[in-house]
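# Architecture and fold: a report
The chain contents come next:
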Amino acid sequence: MNAPLYNNAILRLAASVPHNERLPDPMASVEKRSPVCGSRVTVDINVDVEGRVSGIGLLVRACALGQASSSLMAAHAIGKRADEFAAARDALGAWLAGEGPVPDWPGLDIFEPARPHSARHASIRLAFEAAAEAAERAGTASEPTA
C-alpha cells in the first residue's frame, strides 16, 4: 500500500509550527537551505548554563514536509542539548536513506511515505540540521572562558 506523501497529519503539522517567530537576541542563529527545492529554515536558539535549549525561534519558508518536520523539531526542542539534536539529525538522515531505525524523536515516523522520495529528504532534514548547529554554537558561546 502506498501512503500519500502529503497526508492530513503532515498538513496539520505544517500549519501549526510552534515557536514560529524569531528570537530577538539569540545566542546562535543558523539558516539551512535545500538546494533541490529552495526550502529554507532558520533556527534561533538560547541555552541555559547547562547547555539545554531554553528558547527557540524559527523562520520557516519550506514545503509542507519541511514545515511539518520543523513543527516536530520545535515541539520537542526545549530542554534538549546539542548532542541530542545532533543524534536526531544523524538518525533522521540514516532512516530516510533506509540505513537505520526510526529516530528517537516523537512523530518522525510520519515521514514514512517520503522515504522513497530522496529529493524530499533535504527539506525534511533542514530543521534538525539547523537546530543541531545552532545548539552547538549557543552551547559554545555559553561556556565560561578561563
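Above this text sits the structure in question.
Residues numbered from 1 in each chain as written. Predicted model: local features only at pLDDT ≥ 70, side-chain atom pairs only at ≥ 80, totals over all residues. Heavy atoms only, no water.

### A closer look at the packing of aromatic side chains
On inspection of all chains with the given rule, the structure shows two aromatic pairs. Members of the aromatic cluster, each reached through a chain of ring pairs, are F85, W105 and F128. (Phe/Tyr/Trp six-rings, centres within 6.5 Å; stacked < 30°, edge-to-face > 60°.)

### Brief notes about the sheet that holds strand β3 (residues 53-61)
Strand order across the open sheet formed by three strands is β1-β2-β3, with antiparallel pairing between neighbours. Here the strands that pair on one side only, and so sit at the sheet edges, are β1 (28-33) and β3. Adjacent strand axes in the sheet meet at a mean angle of 15° when their direction is disregarded. Note that β1 and strand β2 (residues 40-47) share six bridges and pair antiparallel. (Pairing = 2+ DSSP bridges. Helix = DSSP H or I, 4+ residues; strand = E, 2+ residues; numbered from the N terminus. Axes fitted to C-alpha atoms, helices over the stretch in contact; angles between N-to-C directions.)

### As for the nonpolar core
Counting residues in hydrophobic clusters, the biggest one holds 42 residues, and the most contacted among them are V43, I45, M73, F85 and F111. Elements represented by at least two residues in this core include exactly α1 (8-14), β1, β2, β3, α2 (64-75), α3 (82-96) and α4 (121-142). Looking at which element gives the most residues to this core, the answer is α4, with 10 residues. Apart from residues no more than four positions distant in its own chain, F111 is found in contact with I10, L65, A68, S69, L72, W95 and I124. (Core = buried A, V, L, I, M, F, W, Y, C linked by side-chain atoms within 4.5 Å. Buried < 20%, exposed > 50% of the residue type's maximum accessible area, 1.4 Å probe, protein only. Contact = heavy atoms within 4.5 Å.)

### Side note on α2
Taking 1.5 Å of rise per residue, 12 residues should cover 16 Å, and α2 covers 16 Å from first to last C-alpha, within 8% of that figure. A large share of α2 lies buried, amounting to 10 of its 12 residues. Listed in full, the buried residues belonging to α2 are A64, L65, G66, A68, S69, S70, S71, L72, M73 and A74. (Expected span 1.5 Å × (residues − 1).)

### Thoughts on the pattern of salt bridges
Applying the stated criterion across every chain yields a total of 10 salt bridges. Notably, a salt bridge pairs D44 with R22, separated by 2.7 Å at the nearest N-O pair. Residue D44 is located in strand β2, and its partner R22 is located in the loop between α1 and β1; the two are separated by 22 residues in the primary sequence. Given a relative accessible area of 1%, D44 falls into the buried group. R137 is the partner of E133 in a salt bridge, and the nearest nitrogen-oxygen pair spans 2.5 Å. A residue pair is termed a helical-turn pair when its members lie 3 or 4 positions apart in one helix, as E133 and R137 do in helix α4 at four residues. Each of R52, R81, D83 and E84 takes part in a single network of salt bridges with overlapping partners. (Salt bridge = Lys/Arg side-chain N within 4 Å of Asp/Glu carboxyl O.)

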